[in-house]
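# An overview of the molecular structure
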Amino acid sequence: MVLRWLLAVLVVLTFVGLYANEHWTMHTLVLDGHGAGQRLLVYSDDESGGNSEATLLPDDGHGPAVRCRLRSTYQWPFCEMVIQFDAPGLDLNRFSRIRLWLRAEGPTHNGAPDQVRVFLRNYNPAYAGSGPHPDLKPHEVVLTPGNRQMPIELRLSQFVVATWWAQDHQLPDELQGAELDRVRIFSVSTGGESASGEHLLRLARAELIGNWIAPESFRLGLVGLWMGSLLAYLGWESWHTRRRLQASLTRSQALEKLVQRDPLTRVANRDGLYHALELLHQVQGEEVFPLAVVFVDADHFKRINDEHGHDVGDQVLVHLARTLRANLPRDDLLARWGGEEFVIVMPQTSAAEAAGVAERLRQALTQVEWPAGLAVTASWGVAQANDEAGIDLAMREADQAMYRAKHAGRDRVERAARA
Ligand SMILES: Nc1nc2c(ncn2[C@@H]2O[C@H](COP(=O)(O)OP(=O)(O)OP(=O)(O)O)[C@@H](O)[C@H]2O)c(=O)[nH]1
């Protein structure tokens, strides 16, 4: 359930994030030649041997323009409006698009609308040289503004390295692709097909549009978010499972204890006794032997029930169990064997020592304030087991010894013949 919610949230976040980074969180850089680190210039082919004339017209409220008298004395005549950026140049990786408000007027060879070339020129010492006029790598898009709706929006990925420049520069493979990390020049130039005559190039506005976070970084961030969330979920899930297991273990242990306990006297029942014996043997190993077993049976208990009622009988059993427990060391096990009969198991104790303990317990019963002013006594049988296999035999022998105590007149301790 949690995983389903997590996935749903991640999917929504991913889509909203992608959309927001693309459309909502844009930032803009205006290219007008007046901003910090920008300069507006015009060039023509006269520096390359032509004699075209480029004149910068003052901004008349519609943005700067270049009036160009194109003369075909040069092979590739051109006029160009240039916005130059201070070193180290602009890193356009923060941007994804460029918007242009651009007009071009002038004669063409075949009467088609005038073309404009848009350039982004990048600096890299590997090809630019170190002179005052660096050889920048031109990235080009050819446009036909005509009567197009403004602005014209171009993706920066549309800019490709100009083939005429690439052919002149035999660059190694790794330098042949587009590079827009140190752009020193943004320019618009008359088209390659423009005919001689007077042209007008007007750049009312140019803006670079960027995402606040570069798309690559944003996508990397999204991958990180997915991986981080799933890892956090796995961590939480394993912690939660361990807690659930622990809780159910504690519950089942508590339940087991409850099942192994006599509800009236609160001491162990037979199952509880055997379980405790097993644990004792696991912990102490063979050191539990010799192990003494004492059977205790309340005398004339039926009479107590008959004369004073079942409730008094119950209270007598509770008092008997409490007295036994209170007078036994903690390591000795006490259990209700059934009816009015109890068993004591004493680790590391011989039958002789156990008989002494039983005798003290027998006397302790005379000190108890029994219900209904009764004077309750019990008969005791003691036996000894020397190894694990001997435990059941010792139980039977202690039981028999207890019956001998009954027949001998009750309220006494008897040891098994072998013990
Ligand atoms: N009140 C009460 N009586 C119980 C309980 N369990 C067994 N009894 C009774 O204990 C009595 C045991 O009687 P007997 O086995 O004849 O033994 P006794 O009367 O103690 O005689 P001796 O053992 O020979 O001294 C029976 O009447 C059972 O009903 C119990 O949990 N509560």
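Scoring rules and cut-offs
Residues numbered from 1 in each chain as written. Predicted model: local features only at pLDDT ≥ 70, side-chain atom pairs only at ≥ 80, totals over all residues. UniProt positions renumbered as here; feature names shortened; annotations may be inferred. Helix = DSSP H or I, 4+ residues; strand = E, 2+ residues; numbered from the N terminus. Buried ≥ 20, exposed ≤ 12 C-beta atoms within 10 Å, placed from the backbone. Contact = placed C-beta atoms within 7 Å. Pairing = 2+ DSSP bridges. Axes fitted to C-alpha atoms, helices over the stretch in contact; angles between N-to-C directions.

The protein chain carries the name diguanylate cyclase in an unreviewed UniProt entry, which gives Pelomonas aquatica as its organism. One UniProt comment on the protein chain, placed under Catalytic activity (unreviewed entry), says "2 GTP = 3',3'-c-di-GMP + 2 diphosphate".

## Some thoughts on the overall build of the protein chain
When helices and strands are counted, the protein chain shows nine helices and 17 strands. For the protein chain, the proportion of its 419 residues judged to be buried stands at 30%. Expressed as a percentage of contacts within the protein chain between residues at least 6 apart in sequence, the contacts between residues at least 24 apart total 69%.

## Description of the sheet that holds strand β7 (residues 116-122)
Within the open sheet, the six strands sit side by side as β2-β5-β11-β7-β8-β10. Their pairing is antiparallel. Two strands in the sheet have a free side with no partner beyond their single neighbour: β2 (38-44) and β10 (160-161). Of the strand pairs in this sheet, strand β5 (residues 79-85) and strand β11 (residues 183-190) are connected by five bridges, and their pairing is antiparallel. When the bridges of β11 are listed, Val82 appears paired with Ser187.

## As for the pairing of strand β14 (residues 333-338)
In this sheet, strand β15 (residues 341-346) lies alongside β14 in antiparallel orientation, the contact comprising five bridges. Pairing of Ala335 across the sheet is with Val343, part of β15. Counted between consecutive antiparallel strands, the loop separating β14 from β15 contains two residues, among which Gly339 sits at a positive phi close to 50°.

## Brief notes about unusual backbone geometry
Cis geometry is found at the peptide bond from Ala87 to Pro88, where omega equals 5°. Secondary-structure assignment places Pro88 in the loop between β5 and β6 (95-105). Here the residue pair Phe289 and Pro290 is connected by a cis peptide bond, since its omega of 0° sits within 30 degrees of zero. A positive phi angle, close to 55°, is found at Gln348, a residue other than glycine. Turning to its location among the elements, Gln348 is positioned in the loop between β15 and α8 (351-366). You will see that Ala372, though not glycine, has its phi angle at about 55°, which is positive.

## What to know about the sheet that holds strand β16 (residues 378-385)
Spatially, the five strands line up as an open sheet ordered β14-β15-β13-β16-β17, and their pairing is mixed. With partners counted over all chains shown, the strands left at the sheet margins are β14 and β17 (413-415), one partner each. In this sheet, adjacent strand axes meet at a mean angle of 20° when their direction is disregarded. Alignment of β16 against β17, held across three bridges, turns out to be parallel. Within the sheet, the bridge partner assigned to Val382 lies in β17 and is Arg415.

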